[in-house]
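Structural overview for review
For reference, the chains in residue letters:
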Amino acid sequence: MRNRIKELRKDRQWSQAVLADKLDVSRQTVNAIEGGRYDPSLPLAFKLARLFGRPIEDIFDD
Amino acid sequence: MTVERATRRYFALLVPAMLVFMSSTLGIVWADDKLALPAAAPYALTVVPIAALLSTYWALWRFITEIDEFLRLIQIKSIIIGLIAVMMVITGWGLMEIYADAPALGIFWLNPLFWVAYAIAALIITKRDGGVW
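**Quick word on the overall build of chain B**
- Broken down by element type, chain B carries five helices and zero strands.
- Radius of gyration (C-alpha) of chain B: 18 Å, far over the 14 Å computed for a compact globule of 133 residues.
- Counting only C-alpha atoms and orienting by the principal axes, one finds that chain B spans roughly 50 × 40 × 15 Å.
- Counting the 133 residues in chain B, one finds 35% classified as buried.
- Here the contacts in chain B between residues at least 6 apart in sequence split such that 71% fall between residues at least 24 apart.
- Of the roughly 8,300 Å² of accessible surface on chain B, a fraction of 76% belongs to carbon and sulfur atoms.
- In chain B, the 9 positive side-chain charges and the 9 negative ones have mean positions that sit 11 Å from each other.

**Overview of the interface of chain B and chain A**
- On the side of chain A, eleven residues touch chain B, which itself brings twelve residues to the contact.
- Interface area, chain B with chain A, both sides summed: about 820 Å², of which 53% is carbon and sulfur.
- Inspection of the chain B/chain A interface yields zero salt bridges.
- Linking chain B with chain A are four residue pairs in polar contact (both at pLDDT 80 or more), by the criterion used here.
- If you list the elements that add at least two residues to the side of chain B that touches chain A, you get helix 4 (69-100) and helix 5 (110-129) of chain B.
- Among the elements that line the side of chain B that touches chain A, the one with the most residues is helix 4 of chain B, at four residues.
- Partitioned by chemical class, the residues of the side of chain B that touches chain A number six nonpolar, two polar and four charged.

**Some points on the domain arrangement of chain B**
Residues and elements named next belong to chain B.
- Entries for chain B in the domain assignment read domain 1 (1-67) and domain 2 (68-133).
- Contact residues are listed per partner, giving 15 residues for domain 1 and 13 residues for domain 2.
- Of the roughly 1,100 Å² buried where domain 1 meets domain 2, counting both sides, 74% is carbon and sulfur surface.
- It is Tyr57, Ile64 and Ile67 that lose the most area in domain 1 upon contact with domain 2, and together they represent 43% of the buried surface on that side.
- On inspection of domain 1 and its partner domain 2, the count reaches zero salt bridges.
- Summed over the shared surface of domain 1 and domain 2, the result is four residue pairs in polar contact (both at pLDDT 80 or more).
- Within the residue set of the side of domain 1 that touches domain 2, elements represented by two or more residues are helix 1 (3-34) and helix 3 (47-66).
- Per-element accounting of the side of domain 1 that touches domain 2 gives the leading share, eight residues, to helix 3.
- Looking at the side of domain 1 that touches domain 2, its residues break down into eleven nonpolar, three polar and one charged.

**Structural notes on the side chain of Thr25 of chain B**
Residue and element names in this part refer to chain B.
- Within the element layout of this structure, Thr25 appears in helix 1.
- Accessibility expressed as a relative area gives 17% for Thr25, which makes it buried.
- Once residues within four sequence positions are removed from consideration, Thr25 is found in contact with Pro49 and Phe108.

**Brief notes about the nonpolar core**
- Counting 37 residues, the largest nonpolar core has Ile5 and Phe52 of chain A together with Tyr10 of chain B as its most contacted members.
- Those elements giving two or more residues to this core turn out to be helix 1 (5-11), helix 2 (16-23), helix 3 (27-34) and helix 4 (42-52) of chain A together with helix 1, helix 3, helix 4 and helix 5 of chain B.
- In this view, Phe52 of chain A contacts Ile5, Leu8, Arg9, Arg12, Trp14, Leu19 and Ile59 of chain A; residues no more than four positions away in its chain are not counted.

**Looking at a nonpolar patch on the surface**
- There is a patch of nonpolar side chains on the surface, built from Trp93, Met96, Leu105, Phe108 and Trp109 of chain B and spanning about 490 Å² of accessible area.
- Tracing the backbone shows Trp93 of chain B in helix 4.

Cut-off values and rules
- Residues numbered from 1 in each chain as written.
- Chains lettered and ligands numbered in written order.
- Predicted model: local features only at pLDDT ≥ 70, side-chain atom pairs only at ≥ 80, totals over all residues.
- Heavy atoms only, no water.
- Helix = DSSP H or I, 4+ residues; strand = E, 2+ residues; numbered from the N terminus.
- Rg over C-alpha atoms; globule rule 2.2 N^0.38 Å.
- Buried < 20%, exposed > 50% of the residue type's maximum accessible area, 1.4 Å probe, protein only.
- Contact = heavy atoms within 4.5 Å.
- Areas by Shrake-Rupley, 256 points an atom, 1.4 Å probe, with all protein chains shown as cover.
- Lys, Arg positive; Asp, Glu negative; His and termini not counted.
- Charge placed at Lys NZ, Arg CZ, Asp CG, Glu CD.
- Buried area = accessible area lost by both parts, 1.4 Å probe.
- Salt bridge = Lys/Arg side-chain N within 4 Å of Asp/Glu carboxyl O.
- Polar contact = N/O pair within 3.5 Å; in protein donor to acceptor, adjacent residues only side chain to side chain.
- Nonpolar A, V, L, I, M, F, W, Y, C, P; charged D, E, K, R; others polar.
- Domains from an automatic or database assignment.
- Core = buried A, V, L, I, M, F, W, Y, C linked by side-chain atoms within 4.5 Å.
- Patch = residues over 30% accessible without salt bridge, like charges linked within 9 Å, V, L, I, M, F, W, Y side chains within 5 Å.

Laid out in structure tokens, this is it:
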């Protein structure tokens, strides 16, 4: 699944480690999601959506 | 909980439990060989390595519940591969024992086989998917 997490993160000038910290996950997990190697669970997707202040469908695109 | 803390907690329990398992297993072999133990003694002494073994699996279970969902997926895939390796050996070697007179394989070795296969799988999947070991 494609996503805009890297773009949204860079807009805020956050490193992967900073985003991981805000989401309470590992940096490796953020890296895997950004790279499209892992699709997050619904709770984590909602967490991302709330953090970036956007609807889920604005962040993820199948 | 951070993955670093979960990893520290994992190894803090896994390593001593493994050491107790190995030393108690060797102790039973030595005692059975060198001491005139009653016949039931090895059965009773086996409680020690089994308790240590249970601790190793508890450490793994706890680690999996404490890490995040992506890292958990890597661990679960690795455990499944470890179990597949054990099942393949049990079934394959069992058939050879029945039909080809292969020497008997001690089922004691299935536990180390699981850990080796699990560890190799975890290393490979982690490297491929970008997780952490």
